[in-house]
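Breakdown of the fold
Each chain is listed here by its residues.
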Amino acid sequence: MVSIEILGGKDEIGGNKILLEHKGTKIFLDFGMSFNRNAYYFSEFLHPRKCSGLGDFFEFGLLPDVKGIYREDYLTHMGRYWEARDLDGVLLSHAHADHAQYIHFLRWDIPIYCTQATKIILECLQKTGNNIFSDLIDACETFKFYPNKNGGFSRVDRRKNEYVHKRDFRIMEEGKKVTIGNIEVEMVPVDHSLPGACGFIIYTDEGNIVYTGDIRFHGSNSNLSRKFVARARDAAPRWMLCEGTRIDSYVMDSESEVQKKISKLICQCNGLVFVEHPIRDIDRVNSIFNAAKENEREFVVSMKLAYLIEALDKYCPFCIDEVKILKPRKNWGLINKTDVTPEQIAQDYEKWERDFIDRPNSIGCNELNKTPDKYVVSMSMWEIGQLADIKPTNALWIKSSCEPFCEEMELDEKRKMNWLNHFGIKHENAHASGHASGEEIREMIKEINPEILIPVHTERADLFDNII
Ligand SMILES: [Zn+2]
Ligand SMILES: [Zn+2]
């Protein structure tokens, strides 16, 4: 028997946690965080508490209470007995938080099957992110003490190597099937707004299963999605788990149109140009990079984006030496002072940031102020404080990200507009979605032609009713 249980991602966009079972083999398809469900009870300032281990997550239905999958340190802390492992792996479609974030809570000996680029992005998220639940690559035992030199007990942290456990990553390659217990799995890359995204075809002796992950047909890798559809059709699947974020949308997006629009907007501006974009959408980052080049401007990135570009290496179409890295003033702001040593300056920055301070291609806000028409700057609400250092005139802000979809984002948007008004910055939009349109989804389903269609990652499952 094949059993498919949707424990997250049903009637909601994201939070995918799909439990698949066949003849004793159990796997999860993705293990993501549900933004909607989380925002219902929590906010930027109110989080599930670490002190209750998994308790708050279970209480509010943020995590399914399934035995044999969660890390022992959290379970023990909340008074649960030791549980034998009861999961053979997680097939991770891509590194977006709504698919990957809750890996943090899983046992570290559960194999995670994903692409190399996905693993690299998870590494960056763990190292440079601001989430306290981000043991994605390795897990440090929590709620543990070790005997210290003074005869007392200290809390374990990441410096204690013996308490840090590497997760069991299994990198998947195109065209190579992997056997997990009684099933076989094939990873097929797809086009999405993040490098490394893929769908899966799962082969069982009672019928095959296709999982789209998040997919689109209008990015620079649209050929991948078309190949995925062909592979999936050839598998003659019994079941198809299909994402439907934009099943109700007729808007046909195009990443190449986004690049053209950004390029045109830059051309019309004689001041500094800021672009707000999803930081890990390397397709978009590349569109901005190209648009800047077309206008003979340098693309300036944050240290966080610089770290990602460097880590992605061949998975990013350009290299770190081809952009400028912005050194922000942080903490005590010693970067511009002349009476301090490099060591003193370094203390203003996180360890991973320090490496970018003295690069030949790193620049300060003063340079953006001096020759604003030479640069296009990657910018976000996290870094907007730097406008007070840059003091731009005749500048343009291009919003190249999705519209706000919750109250918190709407508030952020209003606050951003206050900043832009304060500095007299013009505001324009240029964006394409990470997801296929309704028409494209329907076409894909018809071509793959499954016996049973299971909509996930959508608030409009009803629109899937008469497709097959
Ligand atoms: Zn998603
Ligand atoms: Zn996604």
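Rules used in this analysis
Residues numbered from 1 in each chain as written. Chains lettered and ligands numbered in written order. Predicted model: local features only at pLDDT ≥ 70, side-chain atom pairs only at ≥ 80, totals over all residues. Pairing = 2+ DSSP bridges. Helix = DSSP H or I, 4+ residues; strand = E, 2+ residues; numbered from the N terminus. Axes fitted to C-alpha atoms, helices over the stretch in contact; angles between N-to-C directions. Domains from an automatic or database assignment. Nonpolar A, V, L, I, M, F, W, Y, C, P; charged D, E, K, R; others polar. Core = buried A, V, L, I, M, F, W, Y, C linked by C-beta atoms within 7 Å. Buried ≥ 20, exposed ≤ 12 C-beta atoms within 10 Å, placed from the backbone.

**Description of the sheet that holds strand β15 (residues 239–243)**
- The 6 strands lie next to each other as β11-β12-β13-β14-β15-β23, forming an open sheet whose pairing is mixed. Strands with a single pairing partner mark the edges of an open sheet, and in this sheet they are β11 (178–180) and β23 (452–456). In this sheet, neighbouring strand axes are inclined to one another by 20 degrees on average, regardless of whether the strands run parallel or antiparallel.
- Here strand β12 (residues 183–189) runs beside strand β13 (residues 198–203); their pairing, made up of 6 bridges, is antiparallel. Note that in β13 the partner of M187 across the bridge is F200.

**What about the domain arrangement of the chain?**
- If you check the domain split of the chain, you get domain 1 (2–248 + 436–464) and domain 2 (255–429).
- Taking only C-alpha atoms into account, the centre of domain 1 sits 31 Å from that of domain 2.
- Examining the composition of the side of domain 1 that touches domain 2, we find that 7 residues originate from one element, helix α5 (residues 116–128), more than from any other.
- Taken together, the residues of the side of domain 1 that touches domain 2 break down into 7 nonpolar, 7 polar and 3 charged.

**Observations concerning the nonpolar core**
- V90, L241, V273, V376 and V377 are the most contacted members of the largest nonpolar core, which totals 114 residues.
- Considering each element in turn, this core owes the most residues, 7 residues, to helix α9 (residues 303–312).
- Residues from two domains meet in this core; each of domain 1 (2–248 + 436–464) and domain 2 (255–429) gives at least three.

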